[in-house]
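One letter stands for each residue in the lines below.
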Amino acid sequence: MENIKKKNFYIYLGLSLFIFLAIAPWILTHELSSFLLRSFNAYLAIVISFIAGSLWWRDNLKKDIHLEAIVISMLAFLGIMIFEFSQGIAIILQIVLINFLLRFELKVINEDENIMSYIETRKLATYIITILCVMQIAYLFNPYVN
Amino acid sequence: MNKNTITWIGKWTFILAAAGSAVGLGNIWGFPYKAGTNGGGAFVLIYLGCILMIGLPIMMAEIIIGRRARKSPVNAMKNGAIESGVSPKWQIVGWGGLLSGILILSFYSVLAGICLNYIGISAGANSAMSSVEEFSRATASATNLLFWHTVFISLNILIIAYGVISGIERVINFMMPILFILIIIMVLNAMINGDFMRGLSFMFAPDFSQVTPATFLSAMGQAFFSLSLGMGSIMCYGSYMPDDENIFKTSMTVAGLDTLIAVMAGLAIFPIIFAYGLDAASGPNLVFVSMLSAFSDMPFGNLLGPIFFILLSIAALSSSISLLEPSVAYFDEEKIVSRPVAAISLGLIAWFLGIGSLLSFNLWSEKTFIAGFDFLGSMDFITNQLLMPLGGMLVAIFAGWFLSSKIVVEELSTGQEKVFNIWKFFIKFISPVLVAAVFINQLIPFFQNLLS
């Protein structure tokens with residue numbers, strides 16, 4: 001239980017950086033904003049591959065998922081490269097990946113009463129990150145920020 | 001007169017119901033404008049301070065009195081007074097709340113009816129349309145207003161008649177998440193289509209040079225009125241709150257949600273207003289004229305417009321059911337009539353009074369009733385400027401000076417001595433004085449008018 005609490009704490013801690021990176025571009029100067037958008041995308045890619053990677057050594061998995069985890073991690077890092085060509089497509093890719101990862105994780109982990117609160121926090125964090133990603137897309141398309 | 005045994009089933013229901021009651025048309029079209037024109041971030045800071053000093057202590061007092069008695073506001077006040085060894089005549093505060101609720105519902109329903117009407121109007125909006133003319137057209141016909149007023153009152157009657165769990169709880173648990181989703185959609189729309197930076201700066205950039213004593217009074221008024229205090233709604237909802245819920249934490253969450261939604265409403269509205277070069281205003285003009293004008297020019301405006309007006313209608317409905325519920329609960333617990341009959345009869349009284357308010361837009365627009373106001377203005381004057389602040393002040397005086405400390409300590413969860421001491425100080429010395437200041441400030445123009 002203590003372990004789950006610690007996990008939830010780290011999720012919220014990680015989430016606070018996402019919130020900062022998503023809100024700051026709207027407040028700060030445009031030059032700094034493009035750096036923050038890039039940081040948001042890179043940070044999201046790192047988080048996605050970390051979660052996908054951490055599924056490797058989970059002992060409560062229903063099946064072996066090494067290949068899927070590698071593919072998700074690689075796609076997340078591909079998002080960083082795509083960002084240089086099309087920021088919008090890169091963020092949309094990250095939205096798809098983070099939500100797919102959530103569904104995937106929920107599908108492969110064994111349901112256990114002890115991790116219910118972790119699952120709830122994980123779901124909430126994913127939904128918030130999705131909204132933050134849409135905020136980033138909004139920033140890219142907003143005609144008044146450039 | 002038995003104690004009510006009904007309690008909310010869901011863990012979040014009280015919070016959602018109280019937040020639904022607090023989040024209404026007033027703070028969606030009032031708070032952002034007040035913040036923007038009174039020093040932005042400076043106003044928001046003062047407002048948050050006022051929430052802590054006025055809103056939170058009175059909200060906690062209402063919940064404590066309601067949950068202790070598990071009865072409607074009239075009997076809850078009576079019960080609190082008897083248990084504290086003071087005159088049961090304090091129940092008059094509960095009666096005042098019941099009266100306020102019905103009177104507010106009567107004109108609130110007319111305004112909410114216009115929101116319902118605007119769902120269709122905004123769906124057919126186009127750039128050739130004049131939003132001022134559209135508003136005049138919608139309000140010029142008494143029959144049209146009467147139709148939408150009837151629809152809105154009927155929804156209220158239906159929900160209340162079904163009961164606390166099958167009616168109110170079920171609807172609140174369905175409507176409030178939708179309200180959150182819709183407001184997020186509207187903020188995202190403002191981020192894409194609106195001048196979001198200017199909206200942010202309008203609402204949040206602190207300008208302390210604009211802070212005057214009037215700013216404090218405006219913030220105090222906003223903090224008091226936005227939380228639906230002084231009219232028995234929170235006391236009534238508190239009577240359904242489970243015993244194991246922490247009153248302090250719950251009240252904080254409700255106040256936080258109320259402020260969050262008001263801020264989000266501002267972020268959904270003002271960037272659009274600025275982007276389309278419209279006038280930043282408050283009240284019905286802001287949403288029915290300025291916003292409609294923006295939606296008629298906006299990409300996907302015919303979809304976003306209805307979403308916005310559905311959002312307003314949901315906010316209005318979640319507030320209005322809390323206006324009718326206290327009196328229906330009283331009739332039901334006193335076994336005067338059954339709940340459905342009480343809901344229908346009291347709803348009909350509000351519907352009938354509402355006819356006067358809807359005529360204020362057209363046939364009675366020149367007629368004045370109280371203090372030079374038209375019928376709708378008079379109703380607003382009686383409730384918002386007299387009954388509600390008076391009710392809030394009396395609840396604060398009762399809870400601070402007469403309510404037994406034993407009751408409060410028992411109702412607050414164990415280990416909350418510090419919370420009790422701070423609450424006691426504010427409810428005894430600070431909240432009644434501040435509400436009185438709001439009350440007097442609101443009456444000054446009335447007396448000036450009378451003397452001139």
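A. Main features of the overall build of chain B. Of regular secondary structure, chain B possesses 19 helices and 0 strands. Relative to the globule expectation of 22 Å for 452 residues, the C-alpha radius of gyration of chain B, 21 Å, shows essentially globular dimensions. In terms of principal-axis extent, the alpha carbons of chain B reach across some 65 × 50 × 50 Å. Within chain B, the fraction of its 452 residues that count as buried is 60%. Sequence-distant contacts in chain B: of pairs separated by 6 or more residues, those separated by 24 or more amount to 82%. Just so you have it, chain B exposes about 16900 Å², and 68% of that area is on carbon and sulfur atoms.

B. Main features of the side chain of A:N8. Within the secondary structure, A:N8 is located in helix α1 (residues 2–27). Given the relative accessible area of 10%, A:N8 is considered buried.

C. Inspection of a nonpolar patch on the surface at higher detail. Residue and element names in this part refer to chain A. A cluster of nonpolar side chains, namely I19, I23, I27, L28, L32 and F35, defines an oily patch on the protein surface of about 520 Å² accessible area. Residue assignment for the nonpolar patch shows that the elements contributing at least two residues are α1 and α2 (30–54). Along the chain, L28 falls in the loop between α1 and α2. By relative accessible area, L28 is classed as partly exposed at 33%.

D. Region of the structure containing the nonpolar core. Core analysis: the largest hydrophobic core is formed by 206 residues, its most contacted members being A:W26, B:I58, B:Y118, B:F288, B:F308 and B:W423. Leaving out residues up to four positions away in the same chain, B:F288 has contacts with B:W29, B:L111, B:I114, B:C115, B:Y118, B:S131, B:F135 and B:F309.

E. Fine view of the confidence of the model for chain A. Of all residues in chain A, 90% attain a pLDDT of 70 or more, and the chain-wide mean is 86. Looking across chain A, the model is least confident in α1(A), with a mean pLDDT of 87, and most confident in helix α4 (residues 87–108) of chain A, with 91.

F. Summary view of the environment of A:L37. Residues and elements named next belong to chain A. The residue L37 is located in helix α2 in this model. In this structure L37 comes out as buried when scored by relative accessible area, which is 3%. Other than its neighbours up to four places away in sequence, L37 contacts F83, Q136, Y139 and L140.

G. Quick peek at the packing of helix α6 (residues 91–123) of chain B against helix α16 (residues 339–359) of chain B. Residues and elements named next belong to chain B. Running from N to C, α6 and α16 cross one another at 55°; their axes reach a closest spacing of 7 Å. Here α6 is positioned oblique relative to α16, judged by the angle of their axes. Helix-helix and strand crossings are classified by hand; for α6 and α16 the assignment is right-handed. Where α6 abuts α16, its residues I102, L103, L105, S106, F107 and V110 lie against L346, I349, A350, L353, G354, S357 and L358. Taken together, the residues of the contact of α6 with α16 sort by class into 10 nonpolar, 3 polar and no charged.

H. Layout of the interface of chain B and chain A. Each partner contributes to the interface: chain B provides 12 residues, whereas chain A provides 13 residues. Both faces combined, the contact of chain B with chain A buries some 1000 Å², and carbon together with sulfur accounts for 75% of it. Among the residues chain B hides against chain A, the three largest losses belong to B:M191, B:I192 and B:M197. Together they make up 52% of the total. Taken together, chain B and chain A are joined by 0 salt bridges. The interface formed by chain B and chain A includes 3 residue pairs in polar contact (both at pLDDT 80 or more). Broken down by secondary-structure element, the contributors of at least two residues to the side of chain B that touches chain A are α9 (164–193) and α10 (196–204) of chain B. In the side of chain B that touches chain A, the residues fall into 9 nonpolar, 2 polar and 1 charged.

Definitions and cut-offs
Residues numbered from 1 in each chain as written. Chains lettered and ligands numbered in written order. Predicted model: local features only at pLDDT ≥ 70, side-chain atom pairs only at ≥ 80, totals over all residues. Heavy atoms only, no water. Helix = DSSP H or I, 4+ residues; strand = E, 2+ residues; numbered from the N terminus. Rg over C-alpha atoms; globule rule 2.2 N^0.38 Å. Buried < 20%, exposed > 50% of the residue type's maximum accessible area, 1.4 Å probe, protein only. Contact = heavy atoms within 4.5 Å. Areas by Shrake-Rupley, 256 points an atom, 1.4 Å probe, with all protein chains shown as cover. Patch = residues over 30% accessible without salt bridge, like charges linked within 9 Å, V, L, I, M, F, W, Y side chains within 5 Å. Salt bridge = Lys/Arg side-chain N within 4 Å of Asp/Glu carboxyl O. Core = buried A, V, L, I, M, F, W, Y, C linked by side-chain atoms within 4.5 Å. pLDDT = per-residue confidence, 0-100. Axes fitted to C-alpha atoms, helices over the stretch in contact; angles between N-to-C directions. Parallel < 35°, antiparallel > 145°, perpendicular 65-115°, else oblique. Left-handed = near helix turned anticlockwise from the far one by under 90°. Nonpolar A, V, L, I, M, F, W, Y, C, P; charged D, E, K, R; others polar. Buried area = accessible area lost by both parts, 1.4 Å probe. Polar contact = N/O pair within 3.5 Å; in protein donor to acceptor, adjacent residues only side chain to side chain.

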